Amino acid sequence: MQNIDKLAVTSIRMLSVDAIQKAKSGHPGLAIGSAPMAYTLWKNMRHAPKHPDWLGRDRFVLSAGHASMLLYSLMHLFGYDVSIDDIKDFRQLGSKTAGHPEYGNIPGIEATTGPLGQGFAMAVGMAAAERHMAAKFNRPGFNVIDNHTYPLMGDGCMMEGVASEAASLAGTLGLGRLIALYDSNRITIEGSTDLAFTENVAMRFEAYGWQVLEVACGEDTEALEKALAEAIADESRPSLIIVHTNIAEGTPKQGSASSHGSPLGEDNIAIYKASLGWDYPDFNVPCEVYAHMEELGKGFEKQYSDYCEMLARYSAEYPELYSELIRRNHNELPSGIDDEDIWSFDEETRLATRKTSEMLLTRLTERMPELIGGSADLGPSNLTYMKAFEDFSAENYGGRNFRFGIREFAMAAFCNGMALYGGITPYCATFLVFVDYLKPALRLSALMGLRVLYIMTHDSIGVGEDGPTHQPIEQLDMLRATPNTYVYRPADGRETAACYISSLGRMAPAVMALSRQNLSQIQGTGKAALKGGYVLRDCDGTPQVILMATGSEVEIVLKAANTLTSEGVKARVISMPCMEVFDEQTEEYRESVLPSSCRARVACEALGGMSWHKYIGLDGRLVSMKSFGASAPAGKLFEKFGITAEAVVEAAHSLI
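Residues numbered from 1 in each chain as written. Predicted model: local features only at pLDDT ≥ 70, side-chain atom pairs only at ≥ 80, totals over all residues. Heavy atoms only, no water.

K.L.:
Give a detailed account of the environment of L476, specifying residues and quantitative values.
P.N.:
Mapped onto the elements, L476 comes out in helix α19 (residues 475-480). A residue is classified by how much of its surface remains accessible, and L476, at 1% relative accessible area, is buried. Each C-alpha atom, one on L476 and one on A316, is 49 Å from the other, the two residues being 160 residues apart in sequence. Ignoring sequence-local partners within four residues, the contact set of L476 consists of L432, V487, R489, A513, E605 and L607. (Helix = DSSP H or I, 4+ residues; strand = E, 2+ residues; numbered from the N terminus. Buried < 20%, exposed > 50% of the residue type's maximum accessible area, 1.4 Å probe, protein only. Contact = heavy atoms within 4.5 Å.)

K.L.:
How would you summarise the pairing of strand β6 (residues 211-215) if you had to cite specific residues and measurements?
P.N.:
Looking along a regular strand, one sees the side chains alternate between the two faces of the sheet. Among the five residues of β6, four are classified as buried, and the element is accordingly described as predominantly covered. Sheet topology note: the β6/strand β7 (residues 239-244) ladder contains five bridges and is parallel. Directly across from Q211, in β7, lies its bridge partner S239. (Pairing = 2+ DSSP bridges.)

K.L.:
Describe the sheet that holds strand β15 (residues 545-549), listing the residues and the values that go with them.
P.N.:
Strand order in the open sheet made by the five strands is β14-β16-β15-β17-β18, with mixed pairing throughout. Each edge of the sheet is formed by a strand with only one pairing partner; in this case those strands are β14 (534-537) and β18 (621-624). Geometrically, the sheet is characterised by an average inter-axis angle of 30 degrees between neighbouring strands, direction not taken into account. The sheet contact formed by β15 and strand β16 (residues 571-575) spans five bridges and is parallel. (Axes fitted to C-alpha atoms, helices over the stretch in contact; angles between N-to-C directions.)

K.L.:
Mind laying out the sheet that holds β7, listing which residues take part and the relevant values?
P.N.:
Pairing within the open sheet is parallel, and its five strands lie in the order β1-β2-β3-β7-β6. For this open sheet the edge positions go to β1 (59-62) and β6, each flanked by a neighbour on one side alone. Averaged over all neighbouring strand pairs, the angle between strand axes comes to 20 degrees, with direction disregarded. Inspection of the sheet shows strand β3 (residues 179-184) paired to β7 by six bridges, in the parallel sense. Bridge pairing links A180 to L240 in β7.

K.L.:
Give a detailed account of the pattern of salt bridges, specifying residues and quantitative values.
P.N.:
Enumeration according to the criterion identifies 34 salt bridges in this entry. Residue R177 pairs with E130 through a salt bridge whose shortest N-O separation is 3.9 Å. Placement of the pair is R177 in the loop between α8 (161-173) and β3 and E130 in helix α6 (residues 118-137), with a sequence separation of 47 residues. As far as burial versus exposure is concerned, R177 and E130 are alike and both buried. One salt-bridge network, in which partners are shared between bridges, spans E130, R131, D146, R177 and E235. (Salt bridge = Lys/Arg side-chain N within 4 Å of Asp/Glu carboxyl O.)

K.L.:
Give a description of helix α10 (residues 221-233) that names residues and reports values.
P.N.:
With 13 residues, α10 should cover 18 Å at 1.5 Å per step; its first-to-last C-alpha distance of 18 Å lies within 8% of that length. Listed as buried for α10 are T221, L224, A227, L228 and A231. The buried residues of α10 occupy one face: seen down the axis, they fall within an arc of 115 degrees. Turned more than 90 degrees off the buried face of α10, the exposed positions are E222, K226 and A233. (Expected span 1.5 Å × (residues − 1). Arc of directions from axis to C-beta.)

K.L.:
Give me the side chain of R59: which residues, what numbers.
P.N.:
Looking at where R59 falls in the secondary structure, it is placed in strand β1. For R59, which is buried and forms no salt bridge, the nearest opposite charge comes from E110, at a distance of 4.4 Å. A distance of 3.4 Å separates a polar side-chain atom of R59 from the backbone oxygen of L55. Apart from residues lying up to four places away in sequence, R59 is in contact with E110, M126, N147, H148, T149, Y150 and Y421. (Lys, Arg positive; Asp, Glu negative; His and termini not counted. Polar contact = N/O pair within 3.5 Å; in protein donor to acceptor, adjacent residues only side chain to side chain.)

K.L.:
Describe the packing of helix α15 (residues 353-367) against helix α20 (residues 493-504), and please don't skip the residues or the numbers.
P.N.:
As a packed pair, α15 and α20 sit with axes 9 Å apart at the nearest point and diverge in direction by 50 degrees. One way to sum up the angle between α15 and α20 is to call them oblique. Both α15 and α20 take part in a crossing whose hand is right-handed. Taking contact as the criterion, the partners of T353, T356, S357, L360, L361 and L364 in α15 are, on α20, G493, T496, A497, Y500 and L504. Within the contact of α15 with α20, the residues separate by chemical class into six nonpolar, five polar and no charged. (Parallel < 35°, antiparallel > 145°, perpendicular 65-115°, else oblique. Left-handed = near helix turned anticlockwise from the far one by under 90°. Nonpolar A, V, L, I, M, F, W, Y, C, P; charged D, E, K, R; others polar.)

K.L.:
Pulling in residues and values, what's your account of the packing of aromatic side chains?
P.N.:
For the structure shown, the criterion picks out 26 aromatic pairs. Between W42 and F60, the ring centres sit 5.5 Å apart and the planes meet at 80 degrees, which makes this aromatic pair edge-to-face. Of this pair, W42 sits in helix α3 (residues 35-44) while F60 sits in strand β1; the two residues are 18 residues apart in sequence, bridging distant segments of the chain. F60 matches W42 in its accessibility class, with the two residues each being buried. An aromatic cluster is present here, built from Y39, W42, F60, F78, Y80 and F300 joined pairwise through their rings. Positioned above the aromatic ring of Y589, the side-chain terminus of K531 is 4.9 Å from the ring centre. (Phe/Tyr/Trp six-rings, centres within 6.5 Å; stacked < 30°, edge-to-face > 60°. Lys NZ or Arg CZ within 6 Å of the ring centre and 35° of its normal.)

Written out as structure tokens, the structure reads:
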């Protein structure tokens, strides 16, 4: 390593320890130990700090997000929008330099990370997105999509199951432009990794179909550069570079578990700086390092300008492709996705909403080439396989159907990565009860504001004979409690159309909770469902009772309303396909649907129902599940657990 490179690496380390010490919290160990490999990568990576969002850039994902000060120090030195004042403000309220990297805080942060393993899994999705977009848009002499994806992982990432799921999928797909750097420092919060993690990681990844390279010493930047070149040369396999490092390298806490998540302490920092001959004030970077980084920046700018020149020629030669590329990367919807035929369903045919969803996906994928995805080995049940298109595979990266296998968590994280890459609107599917397997990734979709569609079928005790293990109860309430997440449960085909149109217009994850059992096409449904909740059937004058439901239970409350009407009771029926959208409407509109003067309210849902209390109030009644389900035909289960029109009528009588 040249002296100037050593000085740059030391600057990264010192900024990290100073910021963590000032904040009195943070994770210095990995930030110190990984500094040489991260600097070497960034020095050789294709990026342009002054243009952090350019299409041609490589993607770097700090999967070990607790080492966030490593990322912020790199960004500062390389010329991203991170000042010394931002570094000093680490982990403070309103700071760009948050405790873990947050997508959107600083241009150049490619993903929100911290939940271990997910950054790596998202990087797999990014690498797949790169291959798909390249297959769609590249032309001879015009590699407009042509980058590598570099996740940096720690021992904790390697232990998480989501990383194993994603690594297996990446090997199957032959994602040769994915190069993972693994900081193997053999320390976690509780101590040595030998306490719980003694496997041979290299053999595991070789078995997944990866190229595995090793660097014996994390300080050896020449070996790191050689390994990177070897990884880049292998286009047929993803590569794992195992870099053996020492946590908190060179400090009095080297090799200590306490260096993982606590500041080094003033005394230890003083000893560390003295051992390196570092006599600069805190938060001070030598001027020769800044000069060196400015010189490197000229090379990055040249890469950027060369790309822009090529893209200009591409736009002249392939104007339609260029316009489509730009539209997709700006998350702009194509025209005509909500044409009238989207809303058309046979009034006489009873269809499960999983089936109407399939019909909608078919119609939408014809209009939206960016809409791609698949299921966790449940395509025939979720009805999410697009028959008009081919599979995405190592032999065909242009395919639009993804075979995720039984890997729900990695599937969702993979979709996050595709959405982050740009130009793709991904969807993934499984049974609603198994949303528990992927919830941590869905939570990151919400945190980052990503348009990812979660198609969750078999949405209630209507699953029937598969029994309580497969019947969701608490899942809808859990999802509705997740901020920036839109949970849709349509009652028929037209409501399904409204749910899809609504979700595609938002930069947020959407959950489609869809029935297994067939449902009627209900008179009065349609575009009014775009408001999230609406009056489906009204009475003359002021209602005496309001009946509310979603999904398959809308038929139940309509039947109950018929009974009440025959008895002379004025009943209004509300369909509420999406509470989150309804809550965004004006107060005037919400009052027109749910007048505060009518406190006699009954909600019906064949799930847990806790999220309904904000609408039914203290006086209202809830007809819902209060236990797990059972194994029996769906009709028998609705009777057994009292999810019936008779129960709704009885609840209404108790309130009037």
